[in-house]
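A closer look at the structure
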Amino acid sequence: MLLTLNSKLQSMEAEIAELKKQPQVATEESQTQQLARQPVQPQTQQPVQPVQPQQPVQPQGSIYQQAPAYAQKPQQPQPIMQPQQPQPIMQPQQPQMQPQQPQMKWNQQQPKKLQYSEEMLGKTIMGIAASVLIFISLILFAMLVIPHLTEGMKVSLMLLISIGITAVGLVMWFRKEKKSTFFLSLGACGVGSIYISLFMCNAYFHIINDIVLYVLILLWAAGVLVLSRYKQRLFEIIGEAGILISILFGCYSCTKSDDSTMLMVLTIYSVIGVIAFLGFRYKDDISLLIHGVAGTVGIVALTASNTTIIGSMGMTANNLVIFGLLALFSIAIIALYLYRSNNENVSYLVPISIIISILLDVIVYNMFSDEKIGCIAVILLSIAIYVLLEYLKSAWKDRISVGSFSVIMDVWQIIELFIIIFCVMDVEYLKDYVGPALIAIPLIIYGFIREDRFTQIKGLGAYGILTFCATMNVTAYTILTILCFALISIFMYVKRNTYSEVIKDISYGLFILGIVISFVLIVDKTGWDIEISGVALLWILGLINLVTLITPYSKSWLTLEEEKPFKIINYVINGMLMLYSLYLVTELSDEGMHFVAVLGAIGLFCINSVNILKKKQKISSIYVGLKFTILVMVILSSYDAPNYVLSICAFVLAIIFIILGFMMDIKSLRIYGLVLSLICVVKLVMIDITYDNTLGHALSFFISGVLCFVISAVYSVAEKRLKAK
């Protein structure tokens, strides 16, 4: 029994031991499979063998060499080659090939575009050109043949040819299912010929009266508009070409014969013809452009012809009616184009409106026999247009883009301002007492109230033109110049958000220039003494310049900091006044005025000197020393001082510069004083020494020697300070 139990226990222990070994084997198998799935990484212990290109990639590491036989099953090629199949590798390259497909399609579409361009040029454009040439040839042919025919034959032949060409072209075009450009052009040519025929029946043959002609022209325009539904651009261009050609030939004929009645009828025809297209095509921007150009050419031709007839025959009721019709026609086009610009940013229509507005000014000017009244009428018209444009800019700023449209509107306003100034200068009364201030003052006030910088700049430009109007009345010129400057300064000071450094600087410069011109005009008118007036002008400008320097005017009105541009302007004006004072000192003969001029010169030379020296800059300090040296020499020369006196005074001035250089710690000023003293010594020894006045020269040399000792003493006292530096 005991033996049996012992054997059973041993067998159970053996089974338990075997069971403990099985998880280790499974663990080794799972680890081997995981290593087989991982990418191959070369080991540092053993070199990696190269992989054959045609064989599946197998890792050759030490782990696989030491693995047991049952652990080498994961090395089969299928599970190892799965992550290296070419499909996942090629997938990222597929999007790179996609952009090439549209390029090939675009290359295939290029011949179609070229073919379409060739078709457009060869059929449509050449058809229009052919129609225009046929128009001209028919008119020239009629001019040759008409004298040999009776009036009945002329009218019959003209109408038959026009209607026949129209019928053949349109019938064949519709029969060809509206695909034949040749027959379409032929029909459009006939339509234009019908218009010319109607015009000739009334104006030349007098077969039909005006009322019948108006009705027929309206029917003709309606027919062209109906046809333009099928081929819009072609019929519009050819129809307008027919109208323009008839207008040009009619204007030539009327001008040659000075026939204002026929020109009036022609004006009515042209207005009806263009308005017919504009009225029915006002929603089409391209149509507006085509007919606007045609209308502009017609207005130019009719205005020039009517002006020529007035010049040779004088103003008549017919001429006045012509100008009235053209003015209304121009206003209608401008109003229509501005209305279209309100809906969309059709900026290319505005230049046509600008041209027509200029023609409108010419028409209004020629409507009046009196040039002054004509200029006043143009001024009022231009002011009205400017105000209208300003209103539209403010009303449409949220509904239209502010790009090119806004720029063109600004250009239009500037053109109107120049027209106003030109007309103002052409009216004697306005030229003498108002001038460009007529628009400068309103623009300045409106610009600062509305805080519109561009309007402020336009007002400043008008103020600049006013400054150069020296032919105005002296009193009016002086008052208006000061008033414009005062308005700009007061508005910028009261409304600080409208302050502009550039506007302040330019207005100040214009104000100084205006004061000079005004003073010269006053002197010329009153006949003041030249010397007295010259000194008075020097003191007036000097005081103005001094006031702007010592008051906050020279600083920014927002931050109260110095403004370099204004300081430069102040320096430039002060420099010009200094030169002017030197001129007066040397030219004035009256002793009293000479002394006043000397005082004024000294004051001008001292204005900016302290501020310049405080900067302690080399060039600035030398500039101060040099300008005072020149001032002293010029003043002494004006009193005919001898040369040795000039040298001694220069010596004294040099000592002053040296002392100031030590006091203000300006080395460049001290060096300038030393150089000036050496120049004086050389001048005394080499130039001033003569034997004509021995006592005077002896005293000059003695004084110069004493001054040299003074300079030496000054440097001796300052020796410690120099060493410290």
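Our structure's up above, just so we're on the same page.
Residues numbered from 1 in each chain as written. Predicted model: local features only at pLDDT ≥ 70, side-chain atom pairs only at ≥ 80, totals over all residues. Heavy atoms only, no water.

A few words now on the nonpolar core. Counting 148 residues, the largest nonpolar core has Leu263, Tyr337, Trp412, Tyr463 and Ile488 as its most contacted members. Discounting chain neighbours no more than four positions away, the residues touching Trp412 are Ile334, Leu338, Val350, Ser353, Ile354, Ser357, Ile385 and Leu389. (Core = buried A, V, L, I, M, F, W, Y, C linked by side-chain atoms within 4.5 Å. Buried < 20%, exposed > 50% of the residue type's maximum accessible area, 1.4 Å probe, protein only. Contact = heavy atoms within 4.5 Å.)

The next subject is the packing of aromatic side chains. Going through the model one piece at a time under the given rule, you end up with 13 aromatic pairs. Consider the rings of Phe485 and Tyr553, whose centres lie 6.4 Å apart with planes at 55°: the pair is tilted. You can see Phe485 sitting in helix α20 (residues 474-494) and its partner Tyr553 sitting in the loop between α22 (530-550) and α23 (564-587), a full 68 residues away along the chain. Judged by its relative accessible area of 13%, Phe485 falls in the buried class. Pairwise contacts between aromatic rings join Phe485, Tyr493, Tyr499, Tyr508, Phe511, Tyr553, Trp557 and Phe566 into one cluster. Note that Arg496 overlies the ring of Tyr493, its terminal NZ or CZ placed 4.3 Å from the centroid. (Phe/Tyr/Trp six-rings, centres within 6.5 Å; stacked < 30°, edge-to-face > 60°. Helix = DSSP H or I, 4+ residues; strand = E, 2+ residues; numbered from the N terminus. Lys NZ or Arg CZ within 6 Å of the ring centre and 35° of its normal.)

What follows concerns a nonpolar patch on the surface. Among the surface-exposed residues, Trp539, Leu543, Leu546, Ile550, Phe595, Leu599, Ile602 and Tyr639 lie close enough to one another that they form a single nonpolar patch of about 760 Å² accessible area. When you line up the elements, Leu546 lands in helix α22. (Patch = residues over 30% accessible without salt bridge, like charges linked within 9 Å, V, L, I, M, F, W, Y side chains within 5 Å. Areas by Shrake-Rupley, 256 points an atom, 1.4 Å probe, with all protein chains shown as cover. Salt bridge = Lys/Arg side-chain N within 4 Å of Asp/Glu carboxyl O.)

Our focus in this paragraph is the side chain of Thr548. Turning to its location among the elements, Thr548 is positioned in helix α22. Judged by relative accessible area, which is 7%, Thr548 ranks as buried. Polar side-chain contacts of Thr548 include one of 2.7 Å to the backbone oxygen of Asn545. With residues near it in sequence (within four places) discarded, Thr548 still touches Tyr508, Tyr553, Ser554, Phe566 and Asn570. (Polar contact = N/O pair within 3.5 Å; in protein donor to acceptor, adjacent residues only side chain to side chain.)

Within the fold, Gln456 resides in helix α19 (residues 453-467). With residues near it in sequence (within four places) discarded, Gln456 still touches Gly447, Phe448, Glu451, Thr498 and Ile503.

Between its first and last C-alpha, helix α15 (residues 371-396) extends 37 Å over 26 residues, near the 38 Å set by a 1.5 Å rise per residue. Those residues of α15 that sit buried are Gly374, Cys375, Ala377, Val378, Ile379, Ser382, Ile385, Tyr386, Leu389, Glu390, Leu392 and Trp396. (Expected span 1.5 Å × (residues − 1).)

Bringing empty space enclosed by the protein into the picture now. Over the atoms rolls a probe the size of a water molecule, and in doing so it shows where empty space is left. On inspection of all chains with the given rule, the structure shows 1 cavity of 30 Å³ or more. One number sums up the size of the largest cavity: a volume of about 40 Å³. At the level of elements, α11 (260-280) and α12 (285-313) are the ones that each hand at least two residues to the lining of the largest cavity. Broken down by element, the lining of the largest cavity gets its largest block of residues, 4 residues, from α12. Residue classes in the lining of the largest cavity are distributed as 5 nonpolar, 3 polar and no charged. (1 Å grid on protein atoms, 1.4 Å probe; cavity = no way out; pocket = protein on both sides within 12 Å on 5 of 7 lines; lining within 4 Å. Points joined across faces, edges and corners; volume = space filled by probe spheres on them. Nonpolar A, V, L, I, M, F, W, Y, C, P; charged D, E, K, R; others polar.)

Backbone geometry at Leu560 places phi at a positive 55°, although glycine is not the residue there. Assignment of secondary structure puts Leu560 in the loop between α22 and α23. Overall, the relative accessible area of 57% leaves Leu560 in the exposed class. In this structure, Asp640 takes a positive phi of about 60° despite not being glycine. The topology assignment puts Asp640 in the loop between α26 (618-638) and α27 (643-663).

Here Leu626 lies in helix α26. Each C-alpha atom, one on Leu626 and one on Leu676, is 9.4 Å from the other, the two residues being 50 residues apart in sequence.

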